[in-house]
Amino acid sequence: VQTGMVFNKPIVATRVGSFIEIIHDGVNGILCEAADAKSLANAINRVISNEVTFNSIDIPAYLKWDNIANKYMELYRKMVQVPK
């Protein structure tokens, strides 16, 4: 999901797991019902027909690659610190 968002691509996902916390239907993606082919087809049609535009996808700060990289760097720095 975050890779698609970074490249400003429409996200179509099911209403399961953390997708419902990250994707806001019609804002930064489209949610459809799990195990429902018709719901998935409708969501894809919404993207194809440009019914929903994603020109300004709001990526949460904690999902931005810079933030993720900084968190890893903090962790690595803590791991390599030598006790005095």
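See the structure shown above.
Keep in mind that what you see is a predicted model, and the values were worked out from it rather than measured.

Trainee: Talk me through the pattern of salt bridges; I want residue IDs and the actual numbers.
Mentor: Enumeration according to the criterion identifies two salt bridges in this entry. Notably, a salt bridge pairs Glu 33 with Arg 15, separated by 2.8 Å at the nearest N-O pair. Of the two residues, Glu 33 sits in the loop between strand E2 (30-32) and helix H3 (37-48) while Arg 15 sits in the loop between strand E1 (12-14) and helix H2 (19-22), which places them 18 residues apart along the sequence. Judged by relative accessible area, which is 39%, Glu 33 ranks as partly exposed.

Trainee: So, the nonpolar core: which residues are in play, and what are the values?
Mentor: Nonpolar side chains tend to gather and get buried jointly when the protein is soluble and globular. Met 5, Ile 11, Ala 13, Ile 22, Ile 23, Leu 31, Ile 59 and Leu 63 together form the largest nonpolar core, which totals eight residues. When near neighbours in sequence (up to four residues on either side) are disregarded, Ile 22 contacts Val 1, Met 5, Asn 28, Tyr 62 and Leu 63.

Trainee: Summarise a nonpolar patch on the surface; cite the residues concerned and give the values.
Mentor: Nonpolar side chains collect at one region of the surface, where Tyr 72, Met 73, Leu 75, Tyr 76, Met 79 and Val 80 lie side by side and expose about 630 Å² of accessible area between them. Within the secondary structure layout, Met 73 lies in helix H4 (residues 65-80).

Trainee: I'd love a proper account of the side chain of Ser 39, names of residues and values included.
Mentor: Looking at the element boundaries, Ser 39 is found in helix H3. Ser 39 has contacts with Cys 32 and Glu 33, leaving out every residue within four places of it along the chain.

Trainee: Explain H3 to me, using residue names and the numbers behind them.
Mentor: For H3, spanning 12 residues, the distance from its first C-alpha to its last is 16 Å, which sits close to the expected 16 Å at 1.5 Å a residue. Residue Asp 36 occupies the N-cap position of H3, its side-chain oxygen lying 3.1 Å from the main-chain nitrogen of Lys 38. One or two steps after H3, the chain reaches Asn 50, where phi turns positive at roughly 60°.

Reading guide: rules and limits
- Residues numbered from 1 in each chain as written.
- Predicted model: local features only at pLDDT ≥ 70, side-chain atom pairs only at ≥ 80, totals over all residues.
- Heavy atoms only, no water.
- Salt bridge = Lys/Arg side-chain N within 4 Å of Asp/Glu carboxyl O.
- Helix = DSSP H or I, 4+ residues; strand = E, 2+ residues; numbered from the N terminus.
- Buried < 20%, exposed > 50% of the residue type's maximum accessible area, 1.4 Å probe, protein only.
- Core = buried A, V, L, I, M, F, W, Y, C linked by side-chain atoms within 4.5 Å.
- Contact = heavy atoms within 4.5 Å.
- Patch = residues over 30% accessible without salt bridge, like charges linked within 9 Å, V, L, I, M, F, W, Y side chains within 5 Å.
- Areas by Shrake-Rupley, 256 points an atom, 1.4 Å probe, with all protein chains shown as cover.
- Expected span 1.5 Å × (residues − 1).
- Polar contact = N/O pair within 3.5 Å; in protein donor to acceptor, adjacent residues only side chain to side chain.

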